[in-house]
Amino acid sequence: MSSIKKAIFPIAGLGTRFLPATKSIPKEMLIVLDRPVIEWAVIEASKAGIEEMIFVISSNKNSVIEHFDRSEILENALKKKKKIDQIGLVQSQNQLGSFSFVIQDEPKGLGHAVWCARKFIGTNENFAVILPDDIILSKIPAIKQLMRVHLKTNGGSVLGLESVPKKEVSKYGVIKIKKRYENYFSISNLVEKPMYSQAPSNLTVVGRYLLNSKVFNYLSLQKKGYGNEIQLTDSLVQLTDKPGLYGIEFNGKRFDCGSKFGFIEANINFGLNDGDIKSNLKGMLRKL
Ligand code: UTP
């Protein structure tokens with residue numbers, strides 16, 4: 001078993017790609033199938049053995065806190081109505097792990113958001129970072145696939161990767177490959193949103209990371225990078241020294257629920273994966 005027991009979920013961004021929906025509803029609370037996007041990400045972490053869920057929030061994200069809290073009023077009302085199955089459904093959220101919250105006072109970038117949670121992570125401790133607007137359908141939880149590489153590499157830091165057509169690389173953080181192994185890579189460098197001609201590969205970093213707390217040494221310098229934001233990507237090169245920085249193209253289908261298209265695609269795919277509605281949904285899609 002991996003020793004990684006903590007995950008940071010940075011959710012203090014503005015969600016501008018999904019306005020006006022995200023004006024008052026955090027994008028993490030938009031519903032995919034029958035639960036908010038953030039719950040799918042927490043389920044992934046919990047299934048991988050992570051026990052401490054640390055959310056970096058902004059002040060308008062109280063609904064996220066409420067979702068993972070117990071609601072005795074609701075439980076009592078369901079009890080009176082003898083809705084036993086539903087009681088189980090609303091009790092399951094706070095059984096996924098322990099929950100902590102820290103506020104990022106201003107959206108200064110993903111690197112800054114992760115840094116805001118530094119007090120929860122010990123010296124020389126490895127931890128996960130999960131961007132919950134990326135949700136993943138897979139047999140083995142994506143973050144667990146990263147944990148396997150972490151073990152294989154004697155404690156290396158590991159990034160979730162996806163290959164994209166070369167002309168799209170300028171939208172992402174891109175890795176430079178040091179060496180290819182059977183199903184993972186070692187990484188010698190990273191560039192945030194490079195120009196097409198300067199991209200070191202077409203392998204891009206997506207919302208799953210296993211990092212060593214050494215990364216906070218760089219993040220505490222608060223250096224601004226691309227877009228005048230404190231970028232997590234810029235700090236990752238600090239992890240290339242032994243035990244090293246690695247990446248894996250995990251098995252699974254990723255959906256970017258921070259965008260309209262990704263969100264609709266996620267709903268359709270999660271629906272097709274749901275025993276209760278899949279045949280009706282298939283029938284409906286065939287008729288389109
Ligand atoms: P994104 O760039 O995808 O999210 O950041 P965003 O900024 O909310 O969305 P757009 O681009 O304006 O539509 C990736 C993750 O990092 C978090 C976001 O909440 C998201 O989960 N984040 C980003 C922070 O927590 N703080 C920040 O300062 C920036």
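Parameters and conventions
The numbering scheme is per chain: residues are counted from 1 as the chain's sequence reads. Local features in a predicted model are, by the rule used here, given only for residues with pLDDT of at least 70; side-chain atom pairs are given and counted only at 80 or more, and totals for whole chains, interfaces and linings are based on all residues. The basis for the side-chain values is all heavy atoms of the structure; hydrogens and waters are excluded. Helix and strand assignments follow DSSP, with helices taken as H or I runs no shorter than four residues and strands as E runs no shorter than two, numbered in order from the N terminus. To estimate the expected span of a helix, subtract one from its residue number and multiply by 1.5 Å. Relative accessibility thresholds used throughout: buried, under 20% of the residue-type maximum; exposed, over 50%; partly exposed, between the two (1.4 Å probe, protein chains only). We call two residues in contact whenever any of their non-hydrogen atoms come within 4.5 Å of each other. One requirement defines pairing of two strands: DSSP has to find at least two bridges between them. Pairing of aromatic side chains requires ring centres within 6.5 Å, counting the rings of Phe and Tyr and the six-membered ring of Trp. Pairs whose planes differ by under 30 degrees are stacked, by over 60 edge-to-face, and all others tilted. Comment: the charge-over-ring label is applied if NZ (Lys) or CZ (Arg) is within 6 Å of the ring centre and within 35 degrees of the ring normal. Summary of the distance rule: residues count as near a molecule or strand when at least one heavy atom falls within 4 Å of that molecule or strand. We call two N or O atoms a polar contact when they sit within 3.5 Å, provided that within protein one can donate a hydrogen and the other can accept it, with sequence-adjacent residues counted only if both atoms are side-chain atoms. Gly counts as polar in this scheme, as do all residues outside two lists: the nonpolar Ala, Val, Leu, Ile, Met, Phe, Trp, Tyr, Cys and Pro, and the charged Asp, Glu, Lys and Arg. Every axis corresponds to a line fitted to the C-alpha atoms, with the helix fit spanning only the stretch in contact, and the corresponding angles, defined between N-to-C directions, vary from 0 to 180 degrees. If an angle is under 35 degrees, it is roughly parallel; if it is over 145, roughly antiparallel; if it lies from 65 to 115, roughly perpendicular; otherwise it is oblique. With the far helix as reference, a near helix turned anticlockwise by less than a right angle produces a left-handed crossing, and one turned clockwise produces a right-handed crossing. Definition of nonpolar core: a set of buried residues of the types Ala, Val, Leu, Ile, Met, Phe, Trp, Tyr and Cys, connected through side-chain atoms within 4.5 Å.

Peer 1: What exactly am I supposed to notice about helix α9 (residues 260-272) here?
Peer 2: The end-to-end C-alpha distance of α9 is 19 Å, a good match for the 18 Å that 13 residues give at a rise of 1.5 Å each. Along α9, the positions that sit buried rather than exposed are G262, F263, A266, N269, F270 and G271. Those residues of α9 that are buried are in contact with β2 (31-32), α1 (37-47), β7 (134-137), β13 (253-256) and α10 (278-287).

Peer 1: Help me understand the pairing of strand β11 (residues 203-212) in this model?
Peer 2: The side chains of a regular strand alternate between the sheet's two faces. In terms of residue burial, β11 counts as a mostly covered element, since 10 of its 10 residues are buried. Relative to β11, strand β8 (residues 157-163) is paired through five bridges, and the arrangement is antiparallel. In the sheet register, L159 faces β11, and the bridge partner there is Y209.

Peer 1: Is there a simple way to think about the environment of K178 in this case?
Peer 2: In this structure, K178 sits in strand β9 (residues 173-180). When its relative accessible area of 60% is taken as the criterion, K178 is described as exposed. Along the backbone, K178 and K139 are 39 residues apart, and their C-alpha atoms lie at a distance of 29 Å. When residues no more than four places from it in sequence are discounted, the contact partners of K178 are S186, I187 and S188.

Peer 1: Would you mind showing me how to read unusual backbone geometry here?
Peer 2: Excluding glycine, residues mostly have negative phi values, and the peptide bonds linking residues are mostly trans. The linkage connecting L19 with the following residue, P20, adopts the cis geometry, with an omega of 5 degrees. Looking at the secondary structure, you find P20 in the loop between β1 (6-10) and β2. Positive phi, normally seen in glycine, also occurs at N154, with a value near 55 degrees. You can see N154 is positioned in the loop between α6 (142-152) and β8. Positive phi is not limited to glycine here, since N228 has a value of about 60 degrees. Within the secondary structure layout, N228 lies in the loop between α7 (215-219) and α8 (232-236).

Peer 1: How should the packing of aromatic side chains be read in this particular structure?
Peer 2: Remark: the centre distance and the inter-plane angle together describe each pair of aromatic rings, the angle taken between the planes. Taken as a whole, this structure holds 11 aromatic pairs when the rule is applied. Between F9 and F55, the ring centres sit 5.2 Å apart and the planes meet at 35 degrees, which makes this aromatic pair tilted. One end of the pair, F9, is in strand β1; the other, F55, is in strand β4 (residues 52-57), with 46 residues separating them in the sequence. F55 shares its class with F9; the two are buried. Following the ring pairs from residue to residue traces out a cluster consisting of F9, F55, F68, F99 and F101. Here the basic side chain of R118 rests over the ring of W115, its NZ or CZ set 3.7 Å away from the ring centre.

Peer 1: Hey, could you run me through the site of the ligand in this one?
Peer 2: In the vicinity of the ligand there are 18 residues, among which P10, A12, T16, R17 and Q104 approach most closely. G15 places a polar main-chain atom, nitrogen or oxygen, 2.8 Å from an oxygen atom of the ligand. Within the side chain of Q104, a nitrogen or oxygen atom sits 2.7 Å from a nitrogen atom of the ligand. Of the residues that constitute the shell around the ligand, the class distribution is eight nonpolar, five polar and five charged.

Peer 1: Please explain the packing of helix α3 (residues 72-80) against helix α4 (residues 84-91) as it appears in this structure.
Peer 2: Relative placement of two packed helices is described by the angle separating their axes and the distance separating the axes. At their nearest, the axes of α3 and α4 sit 8 Å apart, and the two run at 165 degrees to each other. Overall, the two elements α3 and α4 adopt an arrangement that is roughly antiparallel. In this structure, α3 meets α4 at a crossing whose hand is left-handed. Along the contact surface, α3 presents L74, E75, L78 and K79, while α4 presents Q86, I87, V90 and Q91.

Peer 1: Got a minute to help me understand the side chain of E125 in this structure?
Peer 2: Within the fold, E125 resides in the loop between α5 (110-116) and β6 (126-130). Within the structure, E125 has its side chain in polar contact with the side chain of K6 (distance 3.1 Å). Apart from residues lying up to four places away in sequence, E125 is in contact with K6, L211, N212 and S213.

Peer 1: Please clarify how the nonpolar core should be interpreted in this entry.
Peer 2: Grouped burial of nonpolar side chains is what soluble globular proteins tend to show. Membership of the largest hydrophobic core comes to 44 residues, with the highest contact counts inside it found for F9, V32, F55 and I135. Leaving out residues up to four positions away in the same chain, V32 has contacts with V37, W40, I135, C257, F263, A266, N267 and F270. Counting 32 residues, the second largest nonpolar core, distinct from the first, contains V56, A113, I121 and L239.

Peer 1: So what exactly am I meant to see when it comes to the packing of α9 against α10 here?
Peer 2: Between α9 and α10, whose axes approach to 8 Å, the crossing angle comes to 130 degrees. On the basis of the axis angle, α9 is oblique to α10. Mapping the contact onto sequence places I268, G271 and L272 in α9 and K278, L281, K282 and L285 in α10. Residue composition of the contact of α9 with α10, by class: four nonpolar, one polar and two charged.

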